[in-house]
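Structural overview for review
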Amino acid sequence: MRQEWEPEDLIEVWTLLEEDQERLRNKSGANRLGFALLLKFFEVEARFPENAEEIPAPAVAYVAQQVKVPAEEWAAYDWAGRAIKRHRVEIRGAFGFRECTEEDQAQLAEWPAVELCGVELSRDRLAEAVVARCRKDRLEPPTPGRIARLVGPAVNTFEERFCAATVGPGCPQRPGPGWMT
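Here we summarise the structure given alongside this text. Here the residue numbering is sequential within each chain, running from 1 through the sequence in written order. Selection of residues for local features in this predicted model requires a pLDDT of at least 70, selection of side-chain atom pairs for listing and counting requires 80 or more, and totals for whole chains, interfaces and linings are taken over all residues. Remark: hydrogens and water are excluded; side-chain values derive from all non-hydrogen atoms of the structure.

For helices the rule is a DSSP run of H or I covering at least 4 residues; for strands it is a run of E covering at least 2, with both sets numbered from the N terminus onward. Along its length, the protein carries eight helices and zero strands. This radius of gyration counts C-alpha atoms alone. The globule rule is 2.2 Å times how many residues there are, raised to the power 0.38. Relative to a compact globule of 181 residues, whose C-alpha radius of gyration would be 16 Å, the protein shows 21 Å and is clearly more extended. The principal-axis extent of the C-alpha atoms belonging to the protein is close to 70 × 35 × 35 Å. Accessible surface, the protein as shown: approximately 10,800 Å² in total, 53% of it carbon and sulfur. Across the protein, 24 positive and 31 negative side-chain charges occur, with their mean positions spaced 5 Å apart. Only the protein chains shown count as cover for residues, and the accessible areas themselves come from Shrake-Rupley with a 1.4 Å probe. Positive residues here are Lys and Arg, negative ones are Asp and Glu, while His and the chain termini are left out of the count. In plain terms, the charge of a residue is placed at NZ if it is Lys, CZ if Arg, CG if Asp and CD if Glu.

In this section: the side chain of lysine 40. Counting through the fold element by element, lysine 40 comes out in helix α3 (residues 29-45). A relative accessible area of 1% means that lysine 40 is categorised as buried. Leaving out residues up to four positions away in the same chain, lysine 40 has contacts with Val13, Trp14, Thr15, Leu16 and Asp20. The cut-offs for exposure are 20% and 50% of the maximum accessible area for each residue type, with area from a 1.4 Å probe on protein chains only; residues under the lower value are buried, those over the upper are exposed, and the others partly exposed. Here, residues are in contact when the closest pair of their heavy atoms is within 4.5 Å.

Every angle, taken between N-to-C directions, lies between 0 and 180 degrees, and every axis is a line fitted to C-alpha atoms, over only the stretch in contact when it is a helix. Helix α4 (residues 57-67) packs onto α3 with a crossing angle of 120° between their chain directions and a minimal axis gap of 10 Å. Taken together, the axes of α3 and α4 lie oblique to each other. Considering how the two elements wind past one another, α3 and α4 form a crossing that is right-handed. Touching Arg32, Leu33, Ala36 and Leu37 of α3 are Ala59, Val60, Val63, Ala64 and Val67, all from α4. Gly counts as polar in this scheme, as do all residues outside two lists: the nonpolar Ala, Val, Leu, Ile, Met, Phe, Trp, Tyr, Cys and Pro, and the charged Asp, Glu, Lys and Arg. Partitioning the contact of α3 with α4 into residue classes produces eight nonpolar, no polar and one charged. Each angle gets one of four labels, with under 35 degrees taken as roughly parallel, over 145 as roughly antiparallel, 65 to 115 as roughly perpendicular, and the rest as oblique. A crossing counts as left-handed when the near helix is turned anticlockwise from the far one by less than a right angle, and as right-handed when that turn is clockwise.

Turning our eyes to something else, we now look at the pattern of salt bridges. We count a salt bridge whenever a side-chain nitrogen from Lys or Arg sits within 4 Å of a carboxyl oxygen from Asp or Glu. This model, assessed by the stated rule, comprises 16 salt bridges. Between lysine 136 and aspartate 137 there is a salt bridge, with its nearest N and O atoms 3.2 Å apart. Residue classification places lysine 136 among the exposed positions, given a relative accessible area of 62%. Salt bridges linked by common partners bring Asp20, Arg23, Lys40 and Glu43 together as one network.

Turning to the packing of aromatic side chains, a few remarks are in order. Ring geometry is summarised as follows: Phe, Tyr and Trp rings, the Trp one being its six-membered ring, pair when their centres sit within 6.5 Å, and such pairs are stacked at plane angles under 30 degrees, edge-to-face over 60 and tilted between the two. Considering all chains together, one arrives at eight aromatic pairs under this definition. A centroid spacing of 6.0 Å and a plane angle of 80° characterise the contact between tryptophan 5 and tryptophan 14, whose relative ring orientation is edge-to-face. With relative accessibility at 0%, the residue tryptophan 14 sits in the buried group. Ring centres of tyrosine 77 and tryptophan 79 lie 6.0 Å apart, and the angle between their planes is 85°; on these two criteria the pair is classed as edge-to-face. A residue is classified by how much of its surface remains accessible, and tyrosine 77, at 4% relative accessible area, is buried.

Right, let's get into the nonpolar core. Counting residues in each nonpolar core, the largest one holds 30 residues, and the members touching the most others are Trp14, Leu33, Leu37, Ile55, Val63, Val67 and Trp74. Listing elements by their share of this core, those giving two or more residues are α1 (7-14), α3, α4 and α5 (82-95). When residues in this core are grouped by element, the largest group, eight residues, is from α3. Not counting chain neighbours up to four residues away, the residues in contact with isoleucine 55 comprise Gln3, Trp14, Leu37, Phe41, Pro49, Val60 and Trp74. Here the nonpolar core consists of buried residues drawn from Ala, Val, Leu, Ile, Met, Phe, Trp, Tyr and Cys, with membership extended through side-chain atoms lying within 4.5 Å.

Closest axis-to-axis distance for the α1/α4 pair is 10 Å, and the angle between their directions is 60°. In terms of axis orientation, α1 runs oblique to α4. Between α1 and α4 lies a crossing whose hand is right-handed. Across the interface between the two elements, Leu10, Ile11 and Trp14 of α1 pack against Pro58, Ala59, Tyr62, Val63 and Gln66 of α4. Within the contact of α1 with α4, the residues separate by chemical class into seven nonpolar, one polar and no charged.

Structure representation (structure tokens):
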């Protein structure tokens, strides 16, 4: 997410609507601010931030004003406790998303190999396509690192299948380390 925001962009993207304010009613202090920031971030990115620094400072200040909690409270938000887990469940529910399961990840790993790699082998663009697919399917995407670990094997699987289909069963295996010595 970009870190620099013009005032009109902050207002357009980070303003808490009436239903957002309703969700904040039983929260206070750092949890109130943290929930509001996670909610708006998820609305924009269809994922949660990986850390506090991913949320732009101007957005923290703007949202803090709206929820009437000092912006400094953001540093006190617990990223490992029970509250953030409850917040994430509530936010997913608000947007109709669900967590990505192991089965979902297996399907996400197979999908590029079958559907995309024939026309696209850029791992960055494949990762973007996986995130877009998650959004379409209302699925919270895995972390960027996990997506990279899904896309790499998908490309390898495609290449092996392509080689086998093109050359046949005698397709040479990839050489191991030190094959040129």
